[in-house]
Amino acid sequence: MTTYKLMAIDIDDTLINDDKEVTPGVQQALEQAVAHGVVVTLATGRAYASAQAIARQTGLNVPIITYQGALIKNLLDEKVLYERFVPVDAAVKLFEYCVEHNLHLQTYIDDKLYAREENQKLIDYCALNRTPYYIEPDFMTMVRKPTPKMLIIDDPDYLDELIPIFRELLGDEVHITKSKPHFLEFMHKEGTKGHALTFLAEHFGCDLKETIAVGDSWNDHEMLEAAGLGVAMGNSIEPLKAIADYVTLGNNEDGVKHVIDKFVLNQG
């Protein structure tokens, strides 16, 4: 039986249920895992500001993985442990393409979300993630600043058609992933949850075999592949279930608690 020392959990549709809540059962399981000596962290595409609110609410006090893995920051002293920015030339190319093809692009600078115009996509996104936003019409100045992540919001099928175009346009320095069907995200090639999990395992002096990763979307696949135990939620997309070592219950059935009970506390 492996003793797990580090556990990375995605937030949306994984840690939290559809009402955007950490249930009492999941909360208790997190506390039990920590009491058991496991480092429990979050690994999310969200910005640090929005992820840290959830982390603090659950009582965690460790480094957390944000922006898909492009930023790892300590909750206690806000020290940055790992940071990767989108290469500026790629950011400029991406922005120019979006202007030409009338795509909604947003960027994150110093943990603030910027867009060049207010539209329904932006309003809905910010309502969903409870994030404030800032409008900057001279967007090229923002695009040239260091950013951990840029994001396009559009129709899922259209985004799927764009992925090969962007891979060609931006080259292999950029990591492209979908966090949700209508969110296409761009990070530095080392800005993945897999790279971040590998970094944290080393940081805490544990082997990757001693890590657990839990997620539901395709942007979780690198960390599920890197972890000793890769767990897909019951509500995961099918391709993630296919590569997972274990499929747990859904996010509305305390799937994270089930993982902790089974693999950390060994209660079944």
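Rules used in this analysis
- Residues numbered from 1 in each chain as written.
- Predicted model: local features only at pLDDT ≥ 70, side-chain atom pairs only at ≥ 80, totals over all residues.
- Heavy atoms only, no water.
- Pairing = 2+ DSSP bridges.
- Helix = DSSP H or I, 4+ residues; strand = E, 2+ residues; numbered from the N terminus.
- Axes fitted to C-alpha atoms, helices over the stretch in contact; angles between N-to-C directions.
- Contact = heavy atoms within 4.5 Å.
- Buried < 20%, exposed > 50% of the residue type's maximum accessible area, 1.4 Å probe, protein only.
- Arc of directions from axis to C-beta.
- Core = buried A, V, L, I, M, F, W, Y, C linked by side-chain atoms within 4.5 Å.
- Domains from an automatic or database assignment.
- Phe/Tyr/Trp six-rings, centres within 6.5 Å; stacked < 30°, edge-to-face > 60°.
- Right-handed = clockwise from strand over helix to strand, strands pointing away.
- Expected span 1.5 Å × (residues − 1).
- Salt bridge = Lys/Arg side-chain N within 4 Å of Asp/Glu carboxyl O.

Student: I'd like a description of the sheet that holds strand β4 (residues 71-74), backed by residues and values.
Tutor: Taken in spatial order, the 3 strands line up as β3-β4-β5 in an open sheet, and their pairing is antiparallel. Every interior strand has two partners, whereas the edge strands, β3 (63-66) and β5 (80-83), have only one. For this sheet, the mean inter-axis angle between neighbouring strands, taken without regard to orientation, is 15 degrees. Judged from the 3 bridges that link them, β4 and β5 form a sheet pairing that is antiparallel. Bridging across to β5, K73 finds its partner in V80. Of the strands in this sheet, β3, β4 and β5 are in contact with helix α8 (residues 193-203), which crosses β3 at around 165 degrees.

Student: Mind laying out helix α5 (residues 120-129), listing which residues take part and the relevant values?
Tutor: Because the α-helix completes a turn every 3.6 residues, residues three or four places apart line up on one side. Listing the buried residues of α5 in full gives L122, Y125, C126 and N129. Along the long axis of α5, the arc covered by the buried residues comes to 95 degrees, so they all point the same way. Exposed side of α5, more than 90 degrees from the buried face: Q120 and A127 are the residues found there. Those residues of α5 that are buried lie in contact with α3 (48-57), β6 (104-109), β7 (112-115), β8 (133-135), β9 (150-153) and β11 (183-188).

Student: Kindly report on the nonpolar core, identifying the contributing residues and their values.
Tutor: Core analysis: the largest hydrophobic core is formed by 46 residues, its most contacted members being I212, V214 and I260. The element that contributes the greatest number of residues to this core is helix α11 (residues 255-264), accounting for 5 residues. In terms of domain composition, this core takes at least three residues from each of domain 1 (6-83 + 191-264) and domain 2 (88-188). The residues contacting V214, other than those within four sequence positions of it, are M7, A8, I9, D10, T14, M223, L224, V231, M233, V256 and V259.

Student: How would you summarise the packing of aromatic side chains if you had to cite specific residues and measurements?
Tutor: Applying the stated criterion across every chain, the model contains 8 aromatic pairs. When the ring of F95 is compared with that of F139, the centres are 5.4 Å apart and the planes differ by 55 degrees; the resulting orientation is tilted. Here the residue F95 occupies a position in helix α4 (residues 88-100), and F139 occupies one in helix α6 (residues 139-143), the gap between them amounting to 44 residues. For the pair F95 and F139, one class covers both residues: buried. Plain terms: the ring middles of F166 and F186 are 5.2 Å apart, the flat faces sit at 90 degrees to each other, and that makes the pair edge-to-face. Here F186 lies in strand β11 and F166 lies in helix α7 (residues 156-170), a separation of 20 residues in the sequence.

Student: Describe the pairing of strand β13 (residues 229-232), and please don't skip the residues or the numbers.
Tutor: Burial along β13 is two-sided: the face carrying L229 and V231 and the face carrying G230 and A232 are both buried. What joins strand β12 (residues 211-215) to β13 is helix α9 (residues 221-226), and the crossover it makes is right-handed. Sheet topology places β13 next to strand β14 (residues 246-247); 2 bridges connect them, and they run parallel. Looking across to β14, one finds that V231 is bridged to Y246. Regarding topology, helix α10 (residues 238-243) serves as the crossover connection from β13 to the parallel β14, and that connection is right-handed.

Student: An account of α4 is requested, with residue identities and associated values reported.
Tutor: Taking 1.5 Å per residue as the helical rise, α4 with its 13 residues ought to reach 18 Å, and the 18 Å between its terminal C-alpha atoms agrees with that figure. The secondary structure elements touched by the buried residues of α4 are β6, α6, β9, α7, β10 (174-180) and β11. Phi for N102, located one or two positions after α4, is positive at around 55 degrees.

Student: Can you explain the sheet that holds β11? Please cite residues and give values.
Tutor: Taking strand neighbours across the sheet as the criterion, the 6 strands line up as β8-β7-β6-β9-β11-β10 in an open arrangement whose pairing is mixed. For this open sheet the edge positions go to β8 and β10, each flanked by a neighbour on one side alone. Strand-to-strand twist across the sheet, computed as the mean angle between neighbouring axes with direction ignored, equals 30 degrees. With 4 bridges connecting them, β6 and β9 associate as antiparallel partners. From the neighbouring strand, L105 faces β9, where its bridge partner is I152. Relative to the sheet, α4 contacts β6, β9, β10 and β11, its axis offset from that of β9 by approximately 20 degrees.

Student: Before we move on, could you go through the pattern of salt bridges and cite the residues and values that matter?
Tutor: Evaluated as defined, the whole model comprises 16 salt bridges. A salt bridge links D13 to K180; the nearest nitrogen and oxygen atoms lie 3.2 Å apart. Of the two residues, D13 sits in helix α1 (residues 11-15) while K180 sits in strand β10, which places them 167 residues apart along the sequence. Its salt-bridge partner being K180, residue D216 comes within 3.8 Å of it at the nearest N-O pair. Remark: K180 occurs in strand β10 and D216 occurs in the loop between β12 and α9; sequence separation between them is 36 residues. Taken together, the salt bridges that share partners define one network made up of D10, K193 and D220.

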